[in-house]
Amino acid sequence: MERVQKIAVPLAAIIAFLALWELIVWANNWPNYVMASPSDLPAAYARFWNLFLVMGWQTLWRTILGLALAVVFGTLLGMIMGFSKLARDALYPLLVGFNAVPKATLVPVLALLFIGQHDFNTVLMAFLISFFPIAVSVGIGLSTLEPEYRDILAALGASKFTIFRKIALPKTLPEFFGALKVSVTLAFIGTNLVEIVSPHGRGLGALFKSGETNGDYPLMFAVLIALAFLGILLYYGVVALEKIFAGWAERAPG
Amino acid sequence: MKHLIDIKGVSHAYKTKHGPLPVLDGLTVEVPKGEFCAVVGPSGCGKSTLTRLVSGLMRPDRGTVILDGQEVTSPRKTVGMAFQNPVMLEWRTILENVMLPLEIVAPEMKKSDAEARAMHLLEMVGLKGFENKRPSELSGGMRQRASLCRAIVHKPQVLIMDEPFGALDNFTREDLWQTMRDLRAAEPFTCVLITHDLRESVFLGDQVIVLSGRPARTQYVLNVDLPADRTIDILYDPKAVDMLHVLRDQIRIAQGRDGGLH
Ligand SMILES: Nc1ncnc2c1ncn2[C@@H]1O[C@H](COP(=O)(O)OP(=O)(O)OP(=O)(O)O)[C@@H](O)[C@H]1O
Ligand SMILES: [Mg+2]
């Protein structure tokens, strides 16, 4: 019963949303070159299904690769900031400044630096936009580790590395996954940003742009829905990983 | 007679914003092998600092701490510690928490042996059936029991406890005193117990050391000559009652509130 409810309720909400959308388009009598309605979408998917698969895969793997790099780099940076107050003081303003720069401004910079390296640029952008939350959360998690935790092992003469591996690392996992949920969405945005803006881009972003160039509104909306679907997929992928590795932090229901 | 723990003229000061804060001043404590040494003293006088010095987590400014004939310069595997705040690793089960020190001290030990050892202790403290629970599913008293198991799972020579029962209600505390007594009977270890409960110090201790106010010195040493197999009732024995009176007076002196009552 509970399982059914877990799937049925959000599904009902999505169907209600689509129905409302359809209703508004119908009530305003908008033609599909002003605003597409959900009933226009199946035709668009049927016509371009192979493009959706190919482009969707492009977007997916670049996002995941960019995010994976962000996890590695962000965790390392967070460890450095977590263990050294000097590094924390030195790097924090720099990081905040970097994070504040709107990433759209980096697209032309990257495009000029690495001309024609579309895959590389896309992955790089996904990485650049998403490592910040991970670095900050790991850094804060490590620097605020209560001394009582450290002392359990320190009193036995355990090395700093052992204490990190057995205590500090697992203890920061909940914060890490909290940040990863933010980062996965950011990486996805970064990937699409480059795909849409680059000339001769690939991925769902490029498909969106070709819909725009050709005035194919149903295609544009079909891409948006596909993006939303991929976004949900990625997010719940992270949630599943969180359940496996940090499920202990979840409070019992009630 | 050779002592297992020899604290000789130990002085220590913390560096603070307002200059050095002397905490211990020429402290001397001797604990023979197998003895139970209870330490009482006013709040903030430096008791926790003493445990950190004996365990080697810190080094004193002056004086020496000698453990089993060797000066303590860094933490040792032969020491077990139980803290006032019984922090448990929430991502591990109770059994895995108790096994943690073995992973550091005896990494070559077989997992099944480590498990058997931890299970044996959990059974002794009455936590059988809870080994696969998470720490958050246990009450404070149960967590403290588990933390005791963790402190002695690697059969340390010395067990150091910093107000381990301080946050518990009276009945749970008396239960744990008896658990402590049984554990010691089963596998002897030398013990230093910091406490603010005088009844606890008399029930468990072979000697009770009263520290003066900060900076702490040894102000008074009480030898508890009560039989080893004590029950809670012994605290109503006239001998024990006398000792409690003496300790009460000594604490009053340590707090700088001598007199008035005699
Ligand atoms: N790391 C530190 N830096 C500076 N001062 C400290 C530090 N740790 C403890 N102190 C101070 O040293 C004094 C003794 O501390 P300690 O924790 O040893 O006392 P205690 O006897 O255990 O107190 P309590 O009975 O409250 O547990 C206290 O005044 C405390 O404020
Ligand atoms: Mg203390």
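This one's a predicted model, so the numbers in the text were calculated from it and none came from an experiment.

On to the overall build of chain B. Scanning chain B from N- to C-terminus turns up 7 helices and 10 strands. Over its C-alpha trace chain B gives a radius of gyration of 19 Å, about what one expects of a compact globule, namely 18 Å for 262 residues. Projected onto its principal axes, the C-alpha positions of chain B cover 55 × 40 × 40 Å. Burial statistics for chain B: of 262 residues in total, 53% are counted as buried. A total of about 11,800 Å² of accessible surface is found on chain B, and carbon and sulfur atoms cover 50% of it. Of the charged side chains in chain B, 33 are positive and 33 negative; the average position of the first set lies 5 Å away from that of the second.

Our focus in this paragraph is the nonpolar core. Grouped together as the largest cluster of nonpolar side chains are 97 residues, with contacts concentrated most on A:Phe52, A:Leu153, A:Leu204, A:Val223, B:Ile5 and B:Ile7. B:Ile5 has contacts with B:Val29, B:Glu30, B:Val31, B:Val54, B:Ile66, B:Val158, B:Thr190 and B:Val192, leaving out every residue within four places of it along the chain. With 51 residues, the next largest nonpolar core counts B:Leu121, B:Ala146, B:Val202 and B:Leu247 among its residues.

What follows is about unusual backbone geometry. Residue and element names in this part refer to chain B. Residue Arg-214 is joined to Pro-215 through a cis peptide bond whose omega torsion reads -5 degrees. By the secondary structure assignment, Pro-215 is in the loop between strand S9 (207-211) and strand S10 (218-223). At Asp-68, a residue that is not glycine, the phi angle is positive and equals roughly 55 degrees. At Glu-163, a position not held by glycine, the phi torsion is positive, near 40 degrees. Checked against the element boundaries, Glu-163 lands in the loop between strand S7 (158-162) and helix H5 (170-186). A residue is classified by how much of its surface remains accessible, and Glu-163, at 12% relative accessible area, is buried.

This paragraph deals with the packing of helix H2 (residues 41-83) of chain A against helix H8 (residues 203-213) of chain A. Residues and elements named next belong to chain A. Where H2 meets H8, the axes come as close as 6 Å, and the angle between the chain directions of the two elements is 135 degrees. Relative to H8, the element H2 lies oblique. In this structure, H2 uses Leu-51, Phe-52, Met-55, Gly-56, Gln-58, Thr-59 and Arg-62 to contact H8, whose residues at the interface are Gly-203, Leu-204, Gly-205 and Leu-207.

Here we come to the interface of chain B and chain A. Chain B puts 23 residues into the contact, and the matching count from chain A is 17 residues. Buried surface at the junction of chain B and chain A, summed over both partners, amounts to about 1,700 Å²; 72% is from carbon and sulfur atoms. Interface area lost by chain B to chain A is led by B:Val87, B:Trp91 and B:Ile104, which between them contribute 34%. Scanning the region where chain B abuts chain A turns up 2 salt bridges. One salt bridge in this structure joins B:Glu103 and A:Lys166, with 2.8 Å as the shortest N-O distance. Counting every contact that joins chain B to chain A gives 3 residue pairs in polar contact (both at pLDDT 80 or more). Only strand S6 (79-82) and helix H2 (94-105) of chain B provide two or more residues apiece to the side of chain B that touches chain A. Sorting elements by how many residues they give to the side of chain B that touches chain A places H2(B) first, with 5 residues. Residue composition of the side of chain B that touches chain A, by class: 13 nonpolar, 2 polar and 8 charged.

Once that is clear, we can look at the pairing of S10(B). Residues and elements named next belong to chain B. As judged from the 5 bridges shared by S9 and S10, these two strands associate in the antiparallel manner. Bridging across to S10, Val-210 finds its partner in Tyr-220. Where S9 hands over to S10, the hairpin turn is made up of 6 residues, counted between the paired strands.

Now for the sheet that holds strand S8 (residues 190-194) of chain B. Residue and element names in this part refer to chain B. Pairing within the open sheet is mixed, and its 6 strands lie in the order S6-S7-S8-S3-S9-S10. The two strands at the open ends of the sheet, each matched to only one other strand, are S6 and S10. Going across the sheet, the axis of each strand differs from the next one's by a mean of 15 degrees, ignoring polarity. Where S6 meets S7, 4 bridges bridge the pair, whose relative direction is parallel. Each bridged residue has a counterpart across the sheet, and for Met-81 the counterpart in S7 is Ile-160.

All right, on to the packing of helix H5 (residues 118-143) of chain A against helix H7 (residues 160-197) of chain A then. Residue and element names in this part refer to chain A. Where H5 meets H7, the axes come as close as 7 Å, and the angle between the chain directions of the two elements is 150 degrees. Taken together, the axes of H5 and H7 are roughly antiparallel relative to one another. Taken as a pair, H5 and H7 cross one another with a handedness that is right-handed. Residues of the contact of H5 with H7, tallied by class, amount to 16 nonpolar, 10 polar and 2 charged.

Our focus in this paragraph is the site of ligand 1. Residues and elements named next belong to chain B. Lining the immediate environment of ligand 1, one finds 13 residues, of which Gly-44, Lys-47, Ser-48, Thr-49 and Arg-214 sit closest. Backbone polar atom of Lys-47 to an oxygen atom of ligand 1: 2.8 Å apart, as the coordinates give it. For ligand 1, whose free accessible area comes to 630 Å², the fraction covered by protein is 62%. Residue assignment for the shell around ligand 1 shows that the elements contributing at least two residues are strand S1 (3-16), strand S2 (19-32) and helix H1 (47-55). The dominant element in the shell around ligand 1, judged by the number of residues it contributes, is H1, at 3 residues. Its residues placed into classes, the shell around ligand 1 shows 4 nonpolar, 6 polar and 3 charged.

Conventions adopted
Each chain has its residues counted from 1, following the order in which its sequence is written. Lettering of chains starts at A and numbering of ligands starts at 1, both following the order in which they are written. Since the coordinates come from a predicted model, pLDDT governs what is reported: local features require at least 70, and pairs of side-chain atoms require 80 or more to be given and counted, while whole-chain, interface and lining totals use all residues. For side-chain calculations, the full set of non-hydrogen atoms in the structure is used, while hydrogens and water are omitted. Each helix is a run of H or I in the DSSP string that is no shorter than four residues. Each strand is a run of E no shorter than two, and both are numbered from the N terminus. Each radius of gyration reported is based on C-alpha atoms, and the globular scaling rule is 2.2 Å times the count of residues to the power 0.38. Note on classification: 1.4 Å probe, protein chains only; a residue is buried when its accessible area is under 20% of the maximum for its type, exposed when over 50%, partly exposed between these limits. Every accessible area reported is derived by Shrake-Rupley at a probe size of 1.4 Å, with residue values counting cover from the shown protein chains alone. Asp and Glu are treated as the negative residues and Lys and Arg as the positive ones, with His and the ends of the chain left uncounted. Every charge is mapped to an atom, namely NZ of Lys, CZ of Arg, CG of Asp or CD of Glu. Side-chain atoms within 4.5 Å are what join buried Ala, Val, Leu, Ile, Met, Phe, Trp, Tyr and Cys residues into a set we call a nonpolar core. Residue contacts are defined here by distance: any two heavy atoms, one from each residue, within 4.5 Å place the two residues in contact. Lines fitted to C-alpha atoms define the axes here, with helix axes fitted over just the stretch in contact, and angles between the N-to-C directions of these axes take values from 0 to 180 degrees. Between 65 and 115 degrees an angle is taken as roughly perpendicular, under 35 as roughly parallel, over 145 as roughly antiparallel, and anywhere else as oblique. Buried area counts how much accessible surface, traced with a 1.4 Å probe, disappears from two parts once they are put together, with both parts' losses summed. Only one rule defines a salt bridge in this text: a Lys or Arg side-chain nitrogen within 4 Å of an Asp or Glu carboxyl oxygen. Side-chain atoms alone can form a polar contact between residues adjacent in sequence; in general such a contact is a pair of N or O atoms within 3.5 Å, and within protein one must be able to donate a hydrogen while the other accepts it. Nonpolar residues are Ala, Val, Leu, Ile, Met, Phe, Trp, Tyr, Cys and Pro. Charged residues are Asp, Glu, Lys and Arg, and all others, Gly as well, are polar. Here the rule is simple: two strands pair whenever DSSP picks up at least two bridges between them. Note on convention: the crossing is left-handed when the near helix lies turned anticlockwise from the far helix by less than a right angle, right-handed when the turn is clockwise. For this purpose, a residue is taken to be near a molecule or strand whenever a single non-hydrogen atom of the residue falls within 4 Å of it.

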